Structure formats: structure tokens, C-alpha cells
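Overview (structure and organization)
Read off the chains here:
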Amino acid sequence: MQPDDNAIGERSPLMLDRRSRIAELVRQRGSVRVNELAELFGVTPVTIRNDLAALEREGLLIRDHGGAVALPATSALIAFEQRAGIRLEAKARIGAAAAQLVNPGDTILLDAGTTVVEMVKHLRNRTPLTIVTNALNVVIELRHLSDVQVWMLGGTVNYATFGTLGPLVEQSLGDLVIEKLFLAAESVDSSYGVTDSTSEIAQTKRALARAARRIILLADSSKWQRRGFIRVLPLELIETIITDTDLPDIDLRRMEAAGARVILV
């Protein structure tokens, strides 16, 4: 049996990986039971209940008697709106800095993410543009811009991110030549790179990355304090990282050692 969290640190990588995997299981299955999870991860039921309580606070599931269930679409919308309001000032600064890397006439690829939506708000003076995206919220925000051609990538809608996922996204990207991808992230680790807790999202992000010549990561400093259990991309593949000044020095040094250009705002 694995040691419980109070023996290894409240925010240990072991705990973070387990919670990411629990959130993934709930999304895939629709529901999970405490005793089943305790046996699966080799921890006590008390530890699992603490995990479920933390994941519920993050808006990733709903606890019920003896376990947890997946969010309905309306609850997912509420959770998304709550996440959009977290560290909003930092996201706005990151979005503004990202927009400065866009030149009139560019063809760019925009990932699904609340920070990317903030970026769109600063593209008014960067047109004309061709924008390819899998993000419904990005498309809605783009309606305010003129002289922009928008390509929406089809696929299965994920209400947690309001983005499309799956093989249709990859097929749609097959013949496109795109200069810059502005990539969002659920979590980033200075050793493991961009990570996620959902295999479908991770696979879609990899497809976006393959379609672009340059990858620009938008991630506020809170994203660097946790790690998903699925690797998306190593830092070595990312040309530029835009984050805020609360980023720990050790992470900054590791990013620079990986060869990424780091913009702090």
C-alpha cells in the first residue's frame, strides 16, 4: 500500500498524479466508488474521500454517497466560468503579450483555454488574420473582430474546456500549414513538460502541435504547481513560454535550460 499524503507531503507528486487519474476515471466512467478507488490506488478510503473533496472544490466532479459522479453539462459550464475567473489579471497580461507575437497576415492556431480567450481580446490591431481553432469560446470571442477568417475544427465537444476533441480534429489539421500555435495547458512541469489528466485532450494538443511550425505556450504560474499524469509535450518542443512573474525561479531556470524563450509579464 502506498503511504498516505500526510506522510509524504500535502501536495506531493504522488497525490497530484492520483487526483488527476481519479478525475479522468470519473469523466470516462460517469461515476466511481470510494472503496474501488482505495483498492485501485493502494490508499485508505479516508485519503480517497479527501481527494474527491478537493476535486469537487476544483469543479471537476460531484461527490455522492460512497463515491463521485461526473458533472452534467450545466455544471461543467459553471466550473468553466469559475476557472476563467481564477488569476484573471495574470491571464489578461499573458494574453496581451501573446497577441504581440501575432503579425497582420498570419495564419495562427488557437487552443482551447481561458488564457487564449484573453489573447483574442487583444487581436483587434493585428488583423487581417486567418485563425484556426478547436475552441468554441474562442470562436464566440472572435465575432467582435473584423477582417478575420475563422476555421473551426470539428470533433466531439468537451464541456470542461469548450473545445473539440478526437480524430476529426486531427483529420481537419492534416492539410493545413500553420506558422504559430498558441497552446493552453492544464498543468506544466519543468521536468515533464506540458501535462494533462485527460488522454483525449492530450492527444488533441499533440495534433495541434504537429500542425504548427512554432509552439507558444500560455500558462500562468499556478499551472506550474501541479502535474497531470499524461505527458503532452516536452519543453524542448516549445519555442516561447509566456507566464507571469510569480513563476518560481527553479522553474524559470529549467525552462531556459530547455531552450525556450521565456516572457514574464
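Up top is the structure.
Residues numbered from 1 in each chain as written. Predicted model: local features only at pLDDT ≥ 70, side-chain atom pairs only at ≥ 80, totals over all residues. Heavy atoms only, no water.

Some points on the sheet that holds strand β3 (residues 67-69)
One open sheet holds the three strands; their spatial order is β1-β3-β2, and the pairing between them is antiparallel. Both edges of this open sheet fall to β1 (31-33) and β2 (62-64), since each of them pairs with a single strand only. If you compare each strand with its neighbour and ignore which way they point, the axes differ by 25 degrees on average. Alignment of β1 against β3, held across three bridges, turns out to be antiparallel. If you follow V32 over to β3, its bridge partner there is A68. Packing against the sheet, helix α3 (residues 34-41) makes contact with β1 and β3, and its axis sits at approximately 75 degrees to β1. On top of the sheet, helix α4 (residues 45-57) reaches β2 and β3; it is set at about 140 degrees to β2, its chief contact. (Pairing = 2+ DSSP bridges. Helix = DSSP H or I, 4+ residues; strand = E, 2+ residues; numbered from the N terminus. Axes fitted to C-alpha atoms, helices over the stretch in contact; angles between N-to-C directions. Contact = heavy atoms within 4.5 Å.)

A short note on the sheet that holds strand β6 (residues 148-152)
Taken in spatial order, the seven strands make up an open sheet running β6-β5-β4-β9-β12-β14-β15, and their pairing is parallel. Among the strands making up the open sheet, the edge pair consists of β6 and β15 (261-264). For this sheet, the mean inter-axis angle between neighbouring strands, taken without regard to orientation, is 20 degrees. Both strand β14 (residues 240-243) and β15 contribute to a ladder of four bridges, which runs parallel. In the sheet register, T243 faces β15, and the bridge partner there is L264. Contacts from helix α10 (residues 199-210) reach β4 (107-110), β9 (178-183) and β12 (212-218), with the element oriented near 130 degrees to β12.

Remarks on empty space enclosed by the protein
The final tally for this structure, using the stated rule, is one cavity of 30 Å³ or more. Its boundaries defined by the atoms lining it, the largest cavity holds a volume of some 60 Å³. Surrounding the largest cavity, D111, A112, N134, T161, G163, L165, I201, T204 and K205 form its lining. The set of elements that each furnish at least two residues to the lining of the largest cavity consists of β8 (163-165) and α10. At three residues, α10 tops the list of elements feeding residues into the lining of the largest cavity. (1 Å grid on protein atoms, 1.4 Å probe; cavity = no way out; pocket = protein on both sides within 12 Å on 5 of 7 lines; lining within 4 Å. Points joined across faces, edges and corners; volume = space filled by probe spheres on them.)

Quick notes on helix α6 (residues 88-99)
Working note: α-helix, 3.6 residues per turn, so residues spaced by three or four point in the same direction. Here α6 spans 16 Å end to end across 12 residues, near enough to the 16 Å set by a 1.5 Å rise per residue. Along α6, the residues classified as buried are A90, K91, I94, G95, A97, A98 and A99. (Expected span 1.5 Å × (residues − 1). Buried < 20%, exposed > 50% of the residue type's maximum accessible area, 1.4 Å probe, protein only.)

Here we look at the packing of helix α2 (residues 13-29) against α3
It is the contact of α2 with α3, at a shortest axis distance of 12 Å, that shows an interaxial angle of 130 degrees. Considered as vectors, α2 and α3 are oriented oblique to each other. Crossing angle aside, the handedness with which α2 passes α3 is right-handed. Every residue of α3 that contacts α2 at R18, R21, I22, L25 and R29 is listed here: E36, L37, L40 and F41. Of the residues in the contact of α2 with α3, the class split is five nonpolar, no polar and four charged. (Parallel < 35°, antiparallel > 145°, perpendicular 65-115°, else oblique. Left-handed = near helix turned anticlockwise from the far one by under 90°. Nonpolar A, V, L, I, M, F, W, Y, C, P; charged D, E, K, R; others polar.)

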